[in-house]
Amino acid sequence: MAFQRRRHHYCRQRFRLMIPVISGIAASLLVLFSLLTFLAPSPNDTVYLHSPSSFNVEKGDAIGTIVFRVPSSGRELDYHLWSSKNSEHFHGCSDASSKFLNAEVNTKPNRYLGIATSGGLNQQRTGITDAVVAARILNATLVVPKLDQKSFWKDSSNFSEIFDVDWFISYLSKDVRIIKQLPRKGGKILNAYSMRVPRKCNERCYISRILPVLMKKHAVQLNKFDYRLSNRLDTEYQKLRCRVNYHALRFTNPIPAMGKKLVQRMRMNSKHYIALHLRFEPDMLAFSGCDYGGGEKEQKELGAIRRRWKTLHKSNPDKARRQGKCPLTPEEVGLMLRALGYGSDVHIYVASGEVYGGEETLAPLKALFPNFHSKDTIATKEELEPFSKFSSRMAALDFIVCDESDVFVTNNNGNMAKILAGRRRYFGHKPTIRPNAKKLYRLFLSRSNLTWEDFASSVRTFQKGFMGKPKEVRPGRGGFHENPSTCICEKAKIEKNSSAIKYEKDNATKKSTTNNGLDVVDDSEWPDIDDNEDHSDEKGMFNETISDYDTINSEDNELEEILSD
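Residues numbered from 1 in each chain as written. Predicted model: local features only at pLDDT ≥ 70, side-chain atom pairs only at ≥ 80, totals over all residues. Heavy atoms only, no water.

Novice: So what about the sheet that holds strand S7 (residues 193–195)? Which residues, and what values?
Specialist: Where strands meet in a sheet, backbone hydrogen bonds hold them as pairs that are either parallel or antiparallel. With parallel pairing, the 5 strands of this open sheet are ordered in space as S4-S3-S2-S8-S7. Each end of this open sheet is capped by a strand with a single partner; those strands are strand S4 (178–179) and S7. Seen against the sheet, helix H3 (residues 121–137) touches strand S2 (112–115) and strand S3 (141–143) and runs at an angle of roughly 165 degrees to S2. (Pairing = 2+ DSSP bridges. Helix = DSSP H or I, 4+ residues; strand = E, 2+ residues; numbered from the N terminus. Contact = heavy atoms within 4.5 Å. Axes fitted to C-alpha atoms, helices over the stretch in contact; angles between N-to-C directions.)

The following block contains the structure:
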């Protein structure tokens, strides 16, 4: 009995001695667990993907195959996230030379040229720009262009309701004589002879085709005037294009006033913001003929839309995807941006029309970038009411916010994307990201076999040359409105007699084709869309937006209107 008492006492003593040890181990485990919890990504920052083309992003304790875990924070990489390296050495330069005659000397009497634009706001903008140059080529007086009021976009606005017409006339007064309407002859307004000019018509084409009619009729109106002027022109004409597009075309006061408010509200949210021009409308997706991962339901819905046009032949979705002709999905755009180094805390402004699939389609992008904005979320209905009934004015608001953004991103190769890309190059090479869709295609397809680090590294490699940096596209490649190389000058410093001398050199006149260590995109990615030939037949010639998809002929007017923006 005494033995049992001593044994019990001994066990209690031993247990008391063990308590500090057990407490120490428990505390160590608790600290270790806390440390692991702190270092591990939040469940809200973990992206679970089921298939490369899925629209769905699930979080937290979702059941599915984890493809990769997207870190919440961005990374400072070997390039500037919010500015283009070496951009300070480049600037827009579009002044006319002394050889460019004043409009008073150049303009011939009794020659009046009018044009009727086509498509959405930005397609019409290209038409207006080219019309000024066409009038100069013909030594004619330009009548203020007519805007398209009957197309798919159904906007009744005239020129003076979108653009400052008085500024337009005065700014270009030394280049082209411009009047608001045709003069009177015999008490009546002069009637203009209507005709069309072939797409991509060059100087010789205008002089041989339009000038004889103009001299005979005295007034000519060129209808459906979109991409009716050659991509390649004499340097003086190209610089005139830049003066029109980047200086003479200013929105009427209410538009920039509201646009400025939207920009200020984005700046209140964050020092920097990204603007995304997202084209993912049902009609556009149906037209592209691509597969977006929606399965049988998607094929049925988009197929029904496609059947509205008999001229749309059956396409090969895989082939179109391989050729980079399919716009990226919202999810793919988000993953591309995160891979480039933009964190989940970045604020993003999205300019888009009706998105196919609605909130379900946008959910992955919003999961990757929760700070998601649009003009409808940062402005009241009352503020937007004066603009909301006019598609061009609403598009103009998006244009301003996108143009003022620190980074502009597009998932498409449409008119707005191209116009903004050129404009941002001209005004300081602000970062402008267009996806290298041809190479990203395979990456998105195989991402289930990649770690996030491998995926992100590949994205950064493929996007070199597609970030809006100086010299990344060789002069003359792509459309002029997207790559106005003739109007981009370089300021370089040369040491001479211990003092720095600055000089300007026009990029378009450079003979060297070496990239000098800069990211120059492979020419195979940029179609050489124009030449100096006189195109005698318009058949089979498309505007640049349509030719990107290569699926319809030029007779499909409604499709052109849908795709223009």
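Next comes the rest of the write-up.
Novice: Go over the nonpolar core with me, naming the residues and quoting the values.
Specialist: Ranked by size, the top nonpolar core spans 68 residues in total, and within it Phe159, Phe168, Tyr206, Leu222 and Phe251 carry the most contacts. No other element matches the 8 residues that H3 contributes to this core. Beyond its immediate stretch of four places on either side in the chain, Phe159 contacts Ile128, Val144, Pro145, Leu147, Val165, Phe168 and Leu249. (Core = buried A, V, L, I, M, F, W, Y, C linked by side-chain atoms within 4.5 Å. Buried < 20%, exposed > 50% of the residue type's maximum accessible area, 1.4 Å probe, protein only.)

Novice: Could you give an account of the pattern of salt bridges, with specific residues and numbers?
Specialist: Evaluation of the coordinates by the stated rule reveals 20 salt bridges. Residue Asp166 is joined to Lys180 by a salt bridge in which the shortest nitrogen-to-oxygen separation is 3.0 Å. Taken together, the positions of Asp166 in helix H5 (residues 165–171) and Lys180 in the loop between S4 and strand S5 (184–185) put the pair 14 residues apart, joining distant regions of the chain. As a salt-bridge pair, Glu332 and Arg321 come within 2.4 Å of each other at their nearest N and O atoms. Of this pair, Glu332 sits in helix H13 (residues 330–340) while Arg321 sits in helix H12 (residues 317–322), and the two are 11 residues apart along the sequence. (Salt bridge = Lys/Arg side-chain N within 4 Å of Asp/Glu carboxyl O.)

Novice: Help me get a handle on the pairing of strand S8 (residues 219–222), residues and values and all.
Specialist: With burial as the criterion, each face of S8 is covered, one bearing Ala219 and Gln221 and the other bearing Val220 and Leu222. Summarising the sheet, S2 and S8 pair through 4 bridges and their orientation is parallel. Bridge pairing links Gly114 to Gln221 in S8. Pairing of S7 with S8, which is carried by 3 bridges, proceeds in the parallel orientation. Counterpart to Met195 in the pairing with S8 is Leu222.

Novice: I'd like a description of the packing of helix H9 (residues 254–269) against helix H17 (residues 391–404), backed by residues and values.
Specialist: Where H9 contacts H17, the two axes come as close as 9 Å, and the packing angle between them is 45 degrees. As judged from the angle between their axes, H9 and H17 are oblique. H17 is crossed by H9, and the crossing has right-handed handedness. On H17, the residues that touch Ile255, Pro256, Met258, Gly259, Leu262, Val263 and Arg267 of H9 are Arg393, Ala396, Leu397, Ile400, Val401 and Glu404. Residues belonging to the contact of H9 with H17 are distributed by class as follows: 9 nonpolar, 1 polar and 3 charged. (Parallel < 35°, antiparallel > 145°, perpendicular 65-115°, else oblique. Left-handed = near helix turned anticlockwise from the far one by under 90°. Nonpolar A, V, L, I, M, F, W, Y, C, P; charged D, E, K, R; others polar.)

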